[in-house]
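The primary structure of each chain is shown beneath.
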Amino acid sequence: MDAKQVGMKLVEFCRNGSNLDAISSLYSPDIVSIEAMGSAEMPAEQRGIDKVVAKNKWWYENHDIHHARAEGPFPQQDRFAVIFDYDITPKAGPQKGKRNRFQEVALYTVKDGKIIKEEFFYDVG
């Protein structure tokens, strides 16, 4: 699969709320995931599919997700971007109980039909 085909499948999984299924079928075992920010509990950079799965499980366990939308993909050569729109309420931390809405842009790199890198861009200020 090329980047556009992988992107179409990823967006379909996300629209169906099947993000963990997307990881198991579309991600390389050596995936690199980079967030715009991190913490001691959840570092900004994660390497390997097990850590990326754990990061995603942590996200779902620590947030009430009222709405999630994926728009795209927007392909270019071996990469594609997706725009995500979220309406969430954190279950813990300094934002606990404060419902908020935000967007992020994700840039994915594909090699041999698998996602080898994901980078997330969002306003951290």
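Each chain has its residues counted from 1, following the order in which its sequence is written. Totals for whole chains, interfaces and linings use every residue, but because this is a predicted model, local features are given only for residues with pLDDT of at least 70 and side-chain atom pairs only at 80 or more, for both listing and counting. Excluding hydrogens and water, the side-chain values take into account all heavy atoms of the structure.

S.K.: Account for the packing of helix α2 (residues 19-26) against helix α3 (residues 49-62), with residues named and values stated.
M.R.: Axis definition: a line fitted to C-alpha atoms, over the contacting stretch in the case of helices. Angles run 0 to 180 degrees between N-to-C directions. Numbering goes from the N terminus for both helices and strands, where a helix is a DSSP run of H or I of at least four residues and a strand is a run of E of at least two. α3 packs onto α2 with a crossing angle of 175° between their chain directions and a minimal axis gap of 10 Å. Judged by the angle between their axes, α2 and α3 are roughly antiparallel. Contact residues: N19, L20 and I23 in α2; I49, V52, V53, N56, K57 and Y60 in α3. We call Asp, Glu, Lys and Arg charged. Ala, Val, Leu, Ile, Met, Phe, Trp, Tyr, Cys and Pro are nonpolar, and the rest, Gly among them, are polar. Classifying every residue of the contact of α2 with α3 by side-chain character gives six nonpolar, two polar and one charged. Relative orientations are named as follows: roughly parallel for angles under 35 degrees, roughly antiparallel for angles over 145 degrees, roughly perpendicular for angles from 65 to 115 degrees, and oblique for any other angle. Whether two residues are in contact is decided by their heavy atoms, any of which lying within 4.5 Å being enough.

S.K.: Provide a residue-level description of the side chain of E118, including the pertinent values.
M.R.: Looking at the secondary structure, you find E118 in strand β6 (residues 114-121). Between buried and exposed lies partly exposed: a residue is buried under 20% and exposed over 50% of the maximum accessible area for its type, with that area taken using a 1.4 Å probe on protein chains only. On the accessibility criterion, E118 (2% relative accessible area) is buried.

S.K.: Which residues make up the environment of D85, and what values go with them?
M.R.: In this structure, D85 sits in strand β4 (residues 79-90). For D85, a relative accessible area of 6% gives the class buried. C-alpha of D85 to C-alpha of F102: the two residues are 17 residues apart in sequence and 6.0 Å apart in space. Setting aside residues up to four positions removed in sequence, D85 forms contacts with H67, A68, R69, R101, F102 and Q103.

No statement about biological role is implied by the geometric values presented.
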